[in-house]
Amino acid sequence: QVQLVESGGGLVQAGGSLRLSCAASGRTFSSYDMGWFRQAPGKEREFVAGITWSGGVTYYRGSVKGRFTISRDNAKNTVYLQMNSLKPEDTAVYYCAAKIGAQEYNYWGQGTQVTVSS
């Protein structure tokens, strides 16, 4: 089992940057594939970015490709989301999540608010 705690959200102007962090508890963090999701008001939660357990493969939704970068440090039990060139449409609560292999994401953090002003 793993517990996840996000941090790093805040208010930023359009074009700015933020780095989100997700700290995981437990000794088996390196076994989990990790992902970032977001949910804007009145909208369904959507996938943003994912990274495999080793960090060898990353993948992104199209609208953030080239602007966001997901990474992980297994020695620190932490996954990051570097967000550059932020747009007002990136405003949402951002969640990190964990899964094993082909399973669904079944561990979730509490979320961190990101607000991008125009």
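Calculation rules
- Residues numbered from 1 in each chain as written.
- Predicted model: local features only at pLDDT ≥ 70, side-chain atom pairs only at ≥ 80, totals over all residues.
- Heavy atoms only, no water.
- Buried < 20%, exposed > 50% of the residue type's maximum accessible area, 1.4 Å probe, protein only.
- Helix = DSSP H or I, 4+ residues; strand = E, 2+ residues; numbered from the N terminus.
- Pairing = 2+ DSSP bridges.
- Phe/Tyr/Trp six-rings, centres within 6.5 Å; stacked < 30°, edge-to-face > 60°.
- Lys NZ or Arg CZ within 6 Å of the ring centre and 35° of its normal.
- Contact = heavy atoms within 4.5 Å.

Caption draft 1: Just the pairing of strand E8 (residues 78-83), in detail. Here E8 lies mainly inside the structure; 5 of its 6 residues are buried. Here 6 bridges tie strand E3 (residues 18-24) to E8, and the two strands are oriented antiparallel to one another. In the sheet register, Cys22 faces E8, and the bridge partner there is Val79. In the sheet, strand E7 (residues 68-73) pairs with E8 via 6 bridges, with the strands oriented antiparallel. Along E8, the bridge assignment pairs Ser71 with Tyr80.

Caption draft 2: Representation of the packing of aromatic side chains in the model. In total, this model carries 6 aromatic pairs according to the counting rule given. For the ring pair Phe47 and Tyr59, a centre distance of 5.6 Å and an interplane angle of 15 degrees mean the geometry is stacked. Of this pair, Phe47 sits in strand E5 (residues 46-51) while Tyr59 sits in strand E6 (residues 58-60), and the two are 12 residues apart along the sequence. Taken together, the ring pairs connect Phe37, Phe47, Tyr59, Tyr105 and Trp108 into an aromatic cluster. When the ring centre of Phe29 is taken as origin, the NZ or CZ atom of Arg72, which lies over that ring, is 4.5 Å away. The ring of Tyr105 has Lys99 lying over it, and the distance from NZ or CZ to the ring centre is 5.5 Å.

Caption draft 3: How the structure looks around the environment of Met83. If you trace the backbone, Met83 turns up in strand E8. For Met83, a relative accessible area of 0% translates into the label buried. Through-space distance from the C-alpha of Met83 to that of Arg19 is 5.9 Å; in sequence the pair is 64 residues apart. Aside from chain neighbours lying at most four places away, what touches Met83 is Gly16, Ser17, Leu18, Leu20, Arg67, Phe68, Tyr94 and Val114.

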